[in-house]
Amino acid sequence: AKRLRMATPWQLSDWTWRPEVRETHDSVDAMWSAREGVRSLVIAKGFDQLGIPNEVVVAEEAPFSSAPTNVARTGRFVRPLVRAKIDGRWLWIDADGPGRPLPLGHVSRELIGKSYMSVDGLSHTIEENSVLPARPDEVTITLSVGEAGSAEGSLEAKLCGTDALEFADMLPTMNSVGRDFILKRMVHTWLPGADVRTVDVRVLDDLDEVHLRATLDMSRLVTREASTGRLRIPGLLPLRRMNTNAYAQTLAESYAAERTRVQPLSIDDSTFAIVRRRLSFPSAWQVSAAPNSDVKSALVTTQRRLGALSTSGGATTVEEVFEVRVRPGTVPVAEFSEFAETVVRADAVWLRGTWFTDSAVRR
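Residues numbered from 1 in each chain as written. Predicted model: local features only at pLDDT ≥ 70, side-chain atom pairs only at ≥ 80, totals over all residues. Heavy atoms only, no water.

What follows concerns the pattern of salt bridges. Applying the stated rule across the entire model yields 16 salt bridges. Glu-209 is paired through a salt bridge with Arg-135; the nearest N and O atoms lie 3.6 Å apart. On the criterion of sequence distance, the pair formed by Glu-209 in strand S11 (residues 209-218) and Arg-135 in the loop between strand S7 (123-125) and strand S8 (137-145) is long-range, its members being 74 residues apart. The same class applies to Glu-209 and to Arg-135, which are both buried. Within the structure, one salt-bridge network assembled from shared partners comprises Glu-138, Lys-158 and Arg-276. (Salt bridge = Lys/Arg side-chain N within 4 Å of Asp/Glu carboxyl O. Helix = DSSP H or I, 4+ residues; strand = E, 2+ residues; numbered from the N terminus. Buried < 20%, exposed > 50% of the residue type's maximum accessible area, 1.4 Å probe, protein only.)

Now for the environment of Gly-121. Along the chain, Gly-121 falls in the loop between strand S6 (115-117) and S7. Classification of Gly-121 as partly exposed rests on a relative accessible area of 45%. Residues Gly-121 and Val-57, spaced 64 residues apart in sequence, show a C-alpha to C-alpha distance of 9.8 Å.

Before going further, it helps to examine helix H2 (residues 39-50). Compared with the 16 Å implied by 1.5 Å per residue over 12 residues, the 17 Å span of H2 between its first and last C-alpha is a close match. Taken residue by residue, H2 has Arg-39, Ser-40, Ile-43, Ala-44 and Phe-47 as its buried positions. Angularly, the buried residues of H2 cover 140° about the axis, an arc narrow enough to put them on a single face. Note on H2: the residue one or two positions beyond its end, Gly-51, has a positive phi of about 75°. (Expected span 1.5 Å × (residues − 1). Arc of directions from axis to C-beta.)

Strand order in the open sheet formed by four strands is S12-S13-S24-S18, with antiparallel pairing between adjacent strands. Of all the strands in the sheet, just strand S12 (223-224) and strand S18 (286-289) have a single pairing partner and so form its edges. With two bridges joining them, S12 and strand S13 (residues 231-233) adopt antiparallel strand pairing. Within S13, the residue paired with Arg-224 across the bridge is Leu-231. (Pairing = 2+ DSSP bridges.)

An order of S5-S4-S3-S6-S7 is seen for the five strands of this open sheet, with the pairing classed as antiparallel. Strand pairing shows two members of the sheet lacking a second neighbour, strand S5 (89-93) and S7, which therefore form its edges. Across this sheet, the average inter-strand angle for adjacent strands is 40°, counted without regard to direction. Of the pairings in the sheet, the one linking S6 to S7 comprises three bridges and is antiparallel in character. Directly across from Met-117, in S7, lies its bridge partner Ser-123. (Axes fitted to C-alpha atoms, helices over the stretch in contact; angles between N-to-C directions.)

Pairing geometry for strand S4 (residues 77-86) and S5, over five bridges, is antiparallel. Counterpart to Ala-84 in the pairing with S5 is Leu-91. Connecting S4 to the antiparallel partner S5 that follows it, the hairpin turn spans two residues, and Asp-87 within it adopts a positive phi of roughly 55°.

And the structure:
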């Protein structure tokens, strides 16, 4: 409960290592709950008192490009982090992002692969193998499809990205009507047109995760192709922003809307999501086209797999697994056309529909 001498985050950056400080009457607990100041400095002070070797470093939040057309700038390094040597191993502590500090050894997905500056003025890279494995957003969609093409079921999501944590910070300030409106909008990013019956959200502070659960109906999930009579269940959009203005879009819309560039493309954010879609459909239907495929590159990876079929009680069940990974980085101008083509192919992995035939088509 000691008084603090507190630095504001923007005073700890690459242009000064002597931030101005001010006396405050707040305790450490009050500062922590109000999320003021640089929490990394408080953690480092605690490690000092415990005799644990540690250092405060400052990371970049946007990737830097060495391209001649990109002008060097101050303010490149702005995100404080702590490195501490525990049980003989250097571990990261990411305490100044949105929400509570991440579990020991984890850093925000957006920082992996980016550079940080240490007290000696040298820059280093946050290597993926130096942190604990990144946690994906995990979504499970369970749908029971009827003969007429309508469906009912549920959606469960475990979200741990920056957008979700910022949304969790805002939840206490929302009224119930506004909260439910935003939650339903989030559900619609996975299942457009769904009639959401119930929706609920829980924030697990100890894990820095947002858990979302909804029950829903869909009146027109399945469409029939006029020329062949085959049945189609649409694919999914691979990219979404889970905040108060939730929306979904393709990778191409986000990163390759312009087919030519005069400046390198900077990918500042990170996406890592796994979606499991479990479909139960009439046993008279047969899967005629399973879009198993993947696209892999240094910055963008998508893949999709169709699991084994199981039949019970006159219905067949199958699980599709979608995965997308976007890593921060830069794309030079000379490589952008190739990158744009890769992104379009990566979109197609998620967007392709799953096709079925029923007894009418087979006759």
